[in-house]
Amino acid sequence: MTERGDSRGFSPSVAAIFPLPLTAFERYMLLDDSPGYPMVFALSARLSGEIDRRIFESCFDEVLLRHPLLCALVDRSARRGPVWVLAEKLKPIIDWGPVGAAVASPNGEAIDLGTEAGLRAWVRQGNGAAEVTLQFHHACCDGGGSLRFLGHLLAEYAARTSPAGQKPSPWPANPASLLERGRFMADAAAIEGKAGRIKTAWSGLRDAARWLGRRPASLCPDVSSPANHAAPALFLETHRHVFEESETKMFLQAASRQRATVNDLLLRDFFLTVRQWNAEQSPGSADRWIRIAAPFKLKTAADADMPAANGVSYNFLTRRESECVDHPEFLRGMSRENDPATRFRRGRSFLRGFGLMERIPGAIPLFMGQHRCFATAVLSNLGDVGRFFGTLFPIESGKIVAGNLVLEDIYGAPPVRRNTHAAFGIGTYGGRLWITVRRAPSGLSADGVRRLLGMYADRLLGGNQMPR
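Quick caveat, the model's predicted, so the values are computed rather than measured.

So, how was this worked out
- Residues numbered from 1 in each chain as written.
- Predicted model: local features only at pLDDT ≥ 70, side-chain atom pairs only at ≥ 80, totals over all residues.
- Heavy atoms only, no water.
- Helix = DSSP H or I, 4+ residues; strand = E, 2+ residues; numbered from the N terminus.
- Buried < 20%, exposed > 50% of the residue type's maximum accessible area, 1.4 Å probe, protein only.
- Contact = heavy atoms within 4.5 Å.
- Core = buried A, V, L, I, M, F, W, Y, C linked by side-chain atoms within 4.5 Å.
- 1 Å grid on protein atoms, 1.4 Å probe; cavity = no way out; pocket = protein on both sides within 12 Å on 5 of 7 lines; lining within 4 Å.
- Points joined across faces, edges and corners; volume = space filled by probe spheres on them.
- Nonpolar A, V, L, I, M, F, W, Y, C, P; charged D, E, K, R; others polar.
- Axes fitted to C-alpha atoms, helices over the stretch in contact; angles between N-to-C directions.
- Parallel < 35°, antiparallel > 145°, perpendicular 65-115°, else oblique.
- Pairing = 2+ DSSP bridges.
- Salt bridge = Lys/Arg side-chain N within 4 Å of Asp/Glu carboxyl O.
- Phe/Tyr/Trp six-rings, centres within 6.5 Å; stacked < 30°, edge-to-face > 60°.
- Lys NZ or Arg CZ within 6 Å of the ring centre and 35° of its normal.
- Expected span 1.5 Å × (residues − 1).
- Polar contact = N/O pair within 3.5 Å; in protein donor to acceptor, adjacent residues only side chain to side chain.

**Q** Mind laying out the overall build of the chain, listing which residues take part and the relevant values?
**A** Looking only at helices and strands, one finds eleven helices and 18 strands in the chain. Across the 468 residues that make up the chain, the buried fraction comes to 54%. Across the chain, contacts joining residues at least 24 apart in sequence account for 77% of those joining residues at least 6 apart.

**Q** Outline the nonpolar core, listing residues and values.
**A** Within the largest apolar cluster, 91 residues are counted, with the highest numbers of intra-cluster contacts made by Ile51, Trp84 and Phe149. It is helix α4 (residues 143–161) that provides the largest number of residues to this core, a total of eight residues. Dropping the residues within four chain positions of it, phenylalanine 149 is found in contact with Phe60, Val63, Leu64, His67, Leu70, Leu119, Leu134 and Phe136. Residues Phe251, Val274, Ala294 and Ala377 belong to the second largest nonpolar core, which totals 39 residues.

**Q** Could you give an account of empty space enclosed by the protein, naming the residues involved and the relevant values?
**A** One pass over the full model with this rule turns up one cavity of 30 Å³ or more. Along its surface, the largest cavity is lined by ten residues, and Arg181, Thr300, Asp303, Met306 and Gly311 are the ones closest to its centre. Here the lining of the largest cavity is composed, by residue class, of three nonpolar, four polar and three charged.

**Q** Account for the packing of helix α6 (residues 245–257) against helix α7 (residues 262–281), naming residues and giving values.
**A** Following both chains from N to C, one finds α6 and α7 inclined at 95°, their axes separated by 8 Å at the closest point. Here α6 lies roughly perpendicular to α7, going by the angle between them. Here Phe251, Leu252, Ala254 and Ala255 of α6 come into contact with α7, specifically with Val262, Leu265 and Leu266. Split by residue class, the contact of α6 with α7 holds seven nonpolar, no polar and no charged.

**Q** Mind laying out the environment of arginine 215, listing which residues take part and the relevant values?
**A** Inspection of the secondary structure assignment puts arginine 215 in the loop between α5 (183–213) and β10 (239–242). Setting aside chain neighbours within four positions, we find arginine 215 in contact with Trp289 and Arg372.

**Q** How would you explain the sheet that holds strand β14 (residues 395–396) if you had to name every residue and give the values?
**A** Taking strand neighbours across the sheet as the criterion, the seven strands line up as β7-β8-β9-β3-β16-β15-β14 in an open arrangement whose pairing is mixed. Only two strands of the sheet have a single neighbouring strand rather than two, namely β7 (94–98) and β14. Pairing of β7 with strand β8 (residues 119–126) involves five bridges; the strand directions are parallel. Within β8, the residue paired with glycine 97 across the bridge is arginine 124. On top of the sheet, α4 reaches β3 (40–48), β8, β9 (129–137), β15 (399–402) and β16 (405–413); it is set at about 30° to β3, its chief contact.

**Q** Mind laying out the pattern of salt bridges, listing which residues take part and the relevant values?
**A** Under the counting rule described, the total for this entry stands at 26 salt bridges. Note that aspartate 61 and lysine 91 form a salt bridge whose closest N and O atoms lie 3.5 Å from each other. Placement of the pair is aspartate 61 in helix α3 (residues 53–64) and lysine 91 in strand β6 (residues 90–92), with a sequence separation of 30 residues. Assessed through its relative accessible area of 33%, aspartate 61 is described here as partly exposed. What makes lysine 91 partly exposed here is its relative accessible area of 25%. In this structure, the salt-bridge partner of glutamate 237 is arginine 439, at a minimum N-O distance of 2.7 Å.

**Q** So what about unusual backbone geometry? Which residues, and what values?
**A** Here the bond from phenylalanine 18 into proline 19 is cis, since omega is 0°, no more than 30 degrees from zero. Following the sequence through the fold, proline 19 ends up in the loop between α1 (12–15) and β2 (20–21). Notably, asparagine 127 is not glycine yet its phi reads approximately 55°, a positive angle. Tracing the backbone shows asparagine 127 in the loop between β8 and β9.

**Q** Residues and numbers for the packing of aromatic side chains, please.
**A** In total, this model carries 19 aromatic pairs according to the counting rule given. With 4.8 Å between their ring centres and 70° between their planes, phenylalanine 270 and phenylalanine 424 make a pair best called edge-to-face. Here the residue phenylalanine 270 occupies a position in helix α7, and phenylalanine 424 occupies one in strand β17 (residues 422–429), the gap between them amounting to 154 residues. One aromatic cluster is present, formed by Phe25, Tyr28, Tyr314, Phe316, Phe350 and Phe354 through successive ring pairs. Stacked on the ring of phenylalanine 374, the Lys or Arg arginine 417 has its end atom at 3.9 Å from the ring centre.

**Q** An account of the sheet that holds strand β5 (residues 83–86) is needed here, citing residue identities and associated values.
**A** What the three strands build is an open sheet, ordered β2-β5-β4; its pairing is antiparallel. The sheet is open, and its two edges are formed by β2 and β4 (72–75), each paired on a single side. In the sheet, β2 pairs with β5 via two bridges, with the strands oriented antiparallel. Note that in β5 the partner of leucine 20 across the bridge is tryptophan 84.

**Q** Lay out the pairing of β5 in plain terms, naming residues and giving numbers.
**A** Pairing between β4 and β5: four bridges, direction antiparallel. Considered in β5, the bridge of aspartate 75 is made with valine 83.

**Q** Outline α4, listing residues and values.
**A** Its 19 residues place the ends of α4 27 Å apart at the C-alpha level, agreeing with the 27 Å of an ideal helix rising 1.5 Å per residue. In terms of burial, α4 is largely enclosed, as 16 of its 19 residues are buried. Between a side-chain oxygen at the N-terminus of α4 and the backbone nitrogen of glycine 144 the separation is 3.2 Å; the capping residue is aspartate 142.

Given below as structure tokens:
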């Protein structure tokens, strides 16, 4: 949803950084994008209170000026590769409607960054409650960036609607820091030195050989509801499970008790769930590979004040189905592969490998072919979503207060790519752990993905001795 207009309001310092070359991961997101499998994701925030439309729209317009990639298009005609350019006659607007009105776009889920900015927004409200839905193209924003934008929007709204003495300080954004996107590649190379770069190169080659040699199986279609497979996913369809505060607290204690991180337990139980699902839907060889794509943030020194952008890469974790057992050694293996240093090295290796293939004629179509399954599923853990907001809000009963509004709930889920039939998003807010899942246009039915989500939640509950 966009409107025609002009770009007045952008400061000269913002305009000066454009045109802005795309980073390796941004180019990867563009190449992986297709109308049937768009690289888009949504963030939904449920609030109590009535949003003042005039103030909210004014805040929205103001905050957009501080997050210029959400007001930018991709120009593919540049000689040295695609670049971001400010959308001089195009900007996102908010679609307003009553509670229950459909959230949709005439163009479907796909966002063509050549003609439309990478942000859409809807507000549905009534009876003292509201829901804000934001849709982002993954090339211009990651999950943390989407929360950063929302936090900035709520802070600006709160600054205009809170009583004196209770106004939060809006989070500062430095658009010039967008020039540092991808800087981690150069910084890491400088720190490593020659010997370190050689070691990293060998580790990268080993990881690449394993990645190419271990072809993962897709999530098997659910056999119990084949009639539902033809039903396409609804617009931004998401299925969700929320744990109680007591259950969430017990899960955190379980991680400490097993000397693991929460992310380690989430990944271990996800592998066990996928193995159980595939075994039930398609009994057969236990030699099939399961690969989980776990996005993670590649931090830079500029992250503290960087506007919404994409600064992630992937850690691919791969196991044979026969290896996926509830045993302490399996968890220790997750911990080793999920170690921050290992994640960082693998994330850089993935981006370096992609950059190399861009220089080899014909390599990209082979690497990103329609029939290639990159991962069995995606598992993206945001952690405590409030930490991305960058603003100290008043808190009531564990929930953020933004002026006359209370943020009751918030959730999102990553995009799904071809042959990866489900993408799971995880986060915590208000002391409660939530899991969301999106399904691909083909593969699992709505009933099937709900059952898969239920299996995962049950395993997290039972496998870590959490009370029901």
